[in-house]
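Listed below, chain by chain, are the residues.
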Amino acid sequence: MLRRRWPTALAVALVILTTADGSGELADTVGAFGDALPLLPLLYVIIHQIGKPRVTWPVLGVGVAVMVALGAQDVVSQPVALVAIALAVLVWGAVRGTPHGRATFGVQTAGAFAFGALALVGLAVDPDLGRYLVAAGWFFHGVWDFVHLKLDKVVARSFAEWCGVVDVLVAVHLLFLL
C-alpha cells in the first residue's frame, strides 16, 4: 500500500520536518507560508501551458530553486515575484493559446488570481488575521489539488496527491498548531 501512496507518505514526512520545530513567531510562520502560497497555482499554470503533466516534478524543482533564490535577495519579495511570473505565463497563454483549451486555461487563471490574492492580502494584514487567510489559501489549494487528482488533468497524479496532502496539513498547522 505504501508503494501506491508514496506521495501521501512523502507529503506527511515533509510537513512534519518543516513544522515540527513549532518555535517560530506567528508573523514569521504566516510570512513563510504566505510567501510560498503563490508558487502553488503558478506551477499549475506553467505545467498547463507546457501541456505535459510528466514535467510536473521537474517544474516543482525549478520552482523551489526560484523560491530559494528569491529568499536570498532583498530586492523583490517572493510572492510579488511569483505573481509577476504567473501573470507573464498567463499572458503567454492568452497570446499563444493553450494545450488544454480555453476553459481549462480560464480555470487555471482564476486559481492563480484567487490563491495569489489570498497570499498577498494575508501577508499585508495583521498576522493574526493573515494566518486565517493564508491557511484558507493552503486549504483551498488542497481541494484544488484533489479535484485535479480526480480529473487527472494538468499535473501528474502523484503531484496532485502529494500537493493536496501537503496543503491541507499546512492549513491545519497554521490554524491549530501555532
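Here is what the cut-offs are and how they apply
- Residues numbered from 1 in each chain as written.
- Predicted model: local features only at pLDDT ≥ 70, side-chain atom pairs only at ≥ 80, totals over all residues.
- Heavy atoms only, no water.
- Helix = DSSP H or I, 4+ residues; strand = E, 2+ residues; numbered from the N terminus.
- Rg over C-alpha atoms; globule rule 2.2 N^0.38 Å.
- Buried < 20%, exposed > 50% of the residue type's maximum accessible area, 1.4 Å probe, protein only.
- Contact = heavy atoms within 4.5 Å.
- Areas by Shrake-Rupley, 256 points an atom, 1.4 Å probe, with all protein chains shown as cover.
- Lys, Arg positive; Asp, Glu negative; His and termini not counted.
- Charge placed at Lys NZ, Arg CZ, Asp CG, Glu CD.
- Axes fitted to C-alpha atoms, helices over the stretch in contact; angles between N-to-C directions.
- Left-handed = near helix turned anticlockwise from the far one by under 90°.
- Nonpolar A, V, L, I, M, F, W, Y, C, P; charged D, E, K, R; others polar.
- Salt bridge = Lys/Arg side-chain N within 4 Å of Asp/Glu carboxyl O.
- Expected span 1.5 Å × (residues − 1).
- Parallel < 35°, antiparallel > 145°, perpendicular 65-115°, else oblique.
- pLDDT = per-residue confidence, 0-100.
- Patch = residues over 30% accessible without salt bridge, like charges linked within 9 Å, V, L, I, M, F, W, Y side chains within 5 Å.

Student: Explain the overall build of the protein chain to me, please; I cannot follow it from the model alone.
Tutor: Across its full length, the protein chain carries eight helices and zero strands. A globule of 178 residues ought to have a C-alpha radius of gyration of about 16 Å, and the protein chain, at 16 Å, matches this closely. Its C-alpha atoms give the protein chain principal-axis dimensions of roughly 45 × 45 × 25 Å. Per-residue burial for the protein chain yields a buried fraction of 44% across its 178 residues. Sequence separation of at least 24 residues holds for 76% of the intrachain contacts in the protein chain that already meet a minimum separation of 6. Carbon together with sulfur atoms contributes 71% to the accessible area of the protein chain, which is approximately 9000 Å² in total. Counting 11 positive and 11 negative side-chain charges, the protein chain places the averaged centre of each group 23 Å from the other.

Student: So what exactly am I meant to see when it comes to the packing of helix H1 (residues 6–19) against helix H8 (residues 157–177) here?
Tutor: To describe two helices that pack against each other, one gives the angle between their axes and the distance between the axes. The N-to-C vectors of H1 and H8 enclose an angle of 35°; their axes lie 8 Å apart at closest approach. Pair H1 / H8 crosses with right-handed handedness. Counted together, Trp6, Pro7, Thr8, Leu10, Ala11, Val12, Leu14, Val15 and Thr19 of H1 and Ser158, Glu161, Trp162, Val165, Val166, Leu169, Val170 and His173 of H8 form the full contact between these two elements. Taken together, the residues that form the contact of H1 with H8 break down as 12 nonpolar, four polar and one charged.

Student: What am I meant to see in the pattern of salt bridges here?
Tutor: Proximity of charged atoms lets side chains of opposite charge pair with each other. Here the structure, examined in full by the defined rule, presents one salt bridge. Glu161 serves as the salt-bridge partner of Arg5, at 2.6 Å between the closest nitrogen and oxygen. Highlighted residues: Arg5 in the segment before H1 and Glu161 in helix H8, separated in sequence by 156 residues. We classify Glu161 as buried; its relative accessible area is 6%.

Student: What is the right way to read helix H5 (residues 78–96) from this model?
Tutor: Note that an α-helix has 3.6 residues per turn; residues three or four places apart therefore point the same way. Along its 19 residues, H5 runs 27 Å from first to last C-alpha, staying within 8% of the 27 Å computed at 1.5 Å per residue. As for H5, its buried residues are in contact with helix H2 (26–36), helix H3 (39–50), helix H4 (56–71) and helix H6 (102–124). Once H5 ends, the next one or two residues include Gly97, with phi positive near 100°.

Student: Where do I start with the environment of Ala136 in this structure?
Tutor: Summarising the element assignment, Ala136 is placed in helix H7 (residues 127–151). Spatially, the C-alpha atoms of Ala136 and Asp167 are 9.8 Å apart, while their sequence positions differ by 31 residues.

Student: How should I be thinking about the packing of H7 against H8 in this particular structure?
Tutor: For the pair H7 and H8, interaxial distance at closest approach is 8 Å and the crossing angle is 155°. Looking at the two axes, H7 sits roughly antiparallel to H8. For the pair H7 and H8, the sense of crossing is left-handed.

Student: Is there a simple way to think about the confidence of the model for the protein chain in this case?
Tutor: Should the pLDDT be low somewhere, the predicted coordinates at that spot are not to be read in detail. Residues at a pLDDT of 70 or more form 97% of the protein chain, whose mean pLDDT is 89. Averaged over each element, pLDDT in the protein chain is lowest for H5 (84) and highest for H7 (95).

Student: Can you help me understand a nonpolar patch on the surface in this one?
Tutor: A surface patch of nonpolar side chains, about 510 Å² in accessible area, is lined by Tyr132, Val172, Leu175, Phe176 and Leu177. Tallying contributions element by element places H8 first for the nonpolar patch, with four residues. Tracing the chain through its elements places Val172 in helix H8. The class of Val172 is partly exposed, set by a relative accessible area of 36%.

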